[in-house]
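# Observations on the three-dimensional arrangement
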Amino acid sequence: MARRKGFTLIELITVLAITAILMAIIFIPVVQGFNLTRAAQGFADAQDKARSLIARLERELQNAAAVRDNSASRGACTVVVPGKDGTAVATDLPFTKLDAYKPSEGDPTRGPSGAFINPDTGKEDPTLQAPKGQPNFPAASGMSMTRYFVGLHSPVSTGAGGQPVAPGVYNNPYDGLLMSLNASRDNLYVLYRAEVQVKVWRNGQYVVNTDLFQDANNDGQADDIDDPAFFTLLPGVDANYANGSLTAQGQAKGLRILNWLKKARVVTEVSRYDMVQAVYDRRTRAVYYVNNVPQLVPLVRFQPTRVTSEPAAGTTAVRTGEETNNALKVGPETFTTQYGAWSSLLTRTWPSIWPATFAANGARAGDQRARWGSDPNDPTPAYIVGRTWNNGGADVFSLFYYDPATMADDMNDGLEIFNVTRCLDIRRLPRPDVNAGGYVYPFAFTDSVNAATLNGNVGARLNFVPAVPDTRNGKLLSSFDSREVGTDQTLPYEYRVPSWGQQSAAGQPFDLRTGVRVSPYNGGAAQDYTPNNDPDVGTGVWTDPIFQPVNRRFNKLWNDFPTLLPGLDRAQYVKRFIDLRVCPQPDGTPSVLDPASGIGRAFVTPGSETVIGPDQRPGPNFGRYVRYSRVSQRPVGPNQYLINYVDQPEPDYSLVFAGQSIIGNPYDPLTPVPQTPVQALIQPQFRAGYVELNSRFGEPIPSGYSDSSGFHPTGNIFVTYRFQYTEPNDVIAVDYDSTQVMEVSLTIRNYPQTQNLPNPPSITVKGSAAVRNFVR
């Protein structure tokens, strides 16, 4: 039998099969190991990139001289992605843009040719776009602005001469969510950092940098500095994505985008990194759409710190050395939170309880109110909510009266009682307001304050505690200037030093502040009588108009007091005084302290008043206007006054003033002031707005002064003050976003170079930075 010299086919196939199995056993783990190594490298790279980028962001924000407010659309970036039907759609990603101004670096010194001078060489350097040098301290905002923003890696395609010809199209060939897997080059959304100058020096002046921004109104302001689509060609407006063409507007924007690309640098990676994530079902990998727009999550957020229901701390209203009677009833004028730079504001005010009844042996006007919610008979008391709502297409911040017993949701229900936005807008209006046809008052009961609601709802009236937010400094201001109250559009309110000699058509001194006469004015001589020489004290009654000036009323009461209120010491009760409750505004509008207004909470803000009247001290200035000084104890001397900021503890009038006529319930702050001796002459000494003057018997307040040219009437005592409605037990809680502390959340997704790992490795890093300053 012949000897075989080779292998049979079966043997060869067997060997090959065994070899293939061995190779698979050996190489598959090796390949998987490479894939895992690649994934680990991608994860490590993403982690390193995220941490270093967060550290850089924190450092730049902390060192910035100012950070621009990025709430609402100011901090959004527009992205264009495929819709559900495959067409290009635009959507805004909030908190994906942040602007920070660098500190000023050296003086903006320019040479003869207009270029900045390089401090290193001492010569003009045309390549410098901003001053070069060390930061100035204290640091002020410089000319350079650093912007971080999310944008497409290739937002526009260029043609001959570098001109924009077509929009860039988003392409994510890796995850197969918004589009199918493909072999085309990716074009993902990346994070940019650009250092730019909003204004540049041209033709001898600073103008808007039109290479990057628009100044359509030629007013020196960058119109599109807050435009979310500044780096995006909008479908149908700037570009036709179906045929890849640009409109005329799109070509102009395309040039600006190309200029941005020259200034910007990608701070993530140029490939395989995506800064947007579609929201999808992990089981079916189906993307969620609203109509035709996919729901996207930005993987970077420059977001203000959110503070929820922070109790605002009330500031001390009365300081040491400025004590006042019944100070325990004085409420805070200002409420402050930990952070400022508010946005997305919501306030809730829980007013102290208004007593159900007032009586001599019960609750009185001078008592401190109990804390909200302390009444067991009222488990769901009403409160005040401040929120933003849409009024004819404009966002308006208003205060609403909310009653849980009849209303379901304090975010949507309630009765509007105070339009804060309207009040602030009026304060900024020129005088007169041509749109309103005349002068408008910020605290007008016919404009910003809803008088109909307050008069028609007892709960809203008794819980009216208005406060105006100071969003920049993180405060709520609860006081208002008395000169802001009025309705007559022909009489302006102004903050000005009055012209003391100016006379109205009726011959009376004209001023825009609450004023009362001290003596009658007969056009030629002073009538500064005392009770001993006043010729009219023996006629008429004290309510006659002739006795309403301060001196004449004092004289009449001194003469009639033994008969009017027998048994009482007239030296204790007869005073020269002003009752601000019954002193109307210059246009005739009732005082906010007037009980007839129906709002009994109002009182004078301590230390806010200004009292100006004729100089009572002998000398060359006698009779001329001076500012009086406040005292806290009697007796009140010349050029002095004593004032009740809040209601004081009252006596039992039925015992002290037995037999005298008392109308209604005198202890209720809402009881109008009738013309009875007790309530019009005695009770004011215990109520807010009482201003007591020098009441010495033979020292009438002068009504003018004399010089070589004759007698010059001054005649009035003018009082201005701020008023508020808050009490010590009022509580205000604030919800807000604060750009004073910026939170940065950054997620880096790195698509590995393998299709065997469908989910890219990602790393999320968070950081925060305290902002030194911010710009609204």
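Remember, it's a predicted structure, so these values are computed and weren't measured experimentally. (Residues numbered from 1 in each chain as written. Predicted model: local features only at pLDDT ≥ 70, side-chain atom pairs only at ≥ 80, totals over all residues. Heavy atoms only, no water.)

### A closer look at the overall build of the chain
Helix and strand content of the chain: nine helices and 44 strands. Within the chain, contacts between residues at least 6 apart in sequence are counted, and of these 68% link residues at least 24 apart. When the accessible surface of the chain is summed, it comes to about 35,800 Å², and 52% of that surface belongs to carbon and sulfur atoms. (Helix = DSSP H or I, 4+ residues; strand = E, 2+ residues; numbered from the N terminus. Contact = heavy atoms within 4.5 Å. Areas by Shrake-Rupley, 256 points an atom, 1.4 Å probe, with all protein chains shown as cover.)

### A look at the packing of aromatic side chains
Applying the stated criterion across every chain yields a total of 34 aromatic pairs. Feature note: the residues F149, Y192, F213, F230, F231 and W260 constitute an aromatic cluster, connected by ring pairs. Sitting over the face of the ring of F230, R147 holds its NZ or CZ atom 4.6 Å from the ring centroid. Lying across the ring of F577, R553 places its NZ or CZ 4.1 Å from the centre. (Phe/Tyr/Trp six-rings, centres within 6.5 Å; stacked < 30°, edge-to-face > 60°. Lys NZ or Arg CZ within 6 Å of the ring centre and 35° of its normal.)

### Observations regarding the pattern of salt bridges
In total, this model carries 27 salt bridges according to the counting rule given. One salt bridge in this structure joins E484 and R427, with 3.0 Å as the shortest N-O distance. Linking E484 in the loop between β29 (479-481) and β30 (514-517) with R427 in helix α3 (residues 420-428), this pair joins segments that are 57 residues apart in sequence. Taking the relative accessible area as the measure of exposure, E484 reaches 3% and is therefore buried. Between D534 and R552 there is a salt bridge, with its nearest N and O atoms 2.6 Å apart. Placement of the pair is D534 in the loop between β30 and α6 (550-564) and R552 in helix α6, with a sequence separation of 18 residues. One exposure class covers both D534 and R552, and it is buried. Connected via shared salt-bridge partners are R56, E60, K102, R193 and E195. (Salt bridge = Lys/Arg side-chain N within 4 Å of Asp/Glu carboxyl O. Buried < 20%, exposed > 50% of the residue type's maximum accessible area, 1.4 Å probe, protein only.)

### Some words on the sheet that holds strand β35 (residues 629-630)
Strands sit in the order β31-β37-β36-β35 across an open sheet of four strands; the sheet is mixed. Single-partner strands in this sheet number two, and they are β31 (577-579) and β35. Of the strand pairs in this sheet, β35 and strand β36 (residues 640-643) are connected by two bridges, and their pairing is parallel. By the bridge assignment for β36, S629 is matched with Q640. (Pairing = 2+ DSSP bridges.)

### Let's talk about a nonpolar patch on the surface
Taken together, I18, I21, L22, M23, I25, I26 and F27 make up a surface patch of nonpolar side chains, about 670 Å² in accessible area. Looking at the element boundaries, I25 is found in helix α1 (residues 9-63). A residue is classified by how much of its surface remains accessible, and I25, at 57% relative accessible area, is exposed. (Patch = residues over 30% accessible without salt bridge, like charges linked within 9 Å, V, L, I, M, F, W, Y side chains within 5 Å.)

### Details of the environment of Q740
Tracing the sequence through the fold places Q740 in strand β42 (residues 731-749). Of the residues examined, Q740 reaches a relative accessible area of 26% and is grouped as partly exposed. The sequence separation of Q740 and A770 amounts to 30 residues, and the corresponding C-alpha distance is 6.0 Å.

### Looking at the sheet that holds strand β22 (residues 334-336)
Spatially, β21-β22-β28-β27 is the arrangement adopted by the four strands of the open sheet, whose pairing is antiparallel. The sheet is open, and its two borders are formed by β21 (313-314) and β27 (468-470), each paired with just one other strand. With three bridges joining them, β27 and strand β28 (residues 475-477) adopt antiparallel strand pairing. If you follow D470 over to β28, its bridge partner there is K475.

### Notes on the confidence of the model for the chain
Interpreting fine coordinate detail is not advised for predicted regions of low pLDDT. The pLDDT averaged across the chain works out to 84; a share of 88% of its residues lies at or above 70. The secondary-structure element of the chain with the lowest mean pLDDT is strand β44 (residues 774-775), recorded at 62, while strand β2 (residues 77-82) shows the highest, at 97. Residue range residues 494-512 is modelled with pLDDT below 50. Its contacts to residues more than four positions away, or to other chains, number 33 contacts. (pLDDT = per-residue confidence, 0-100.)

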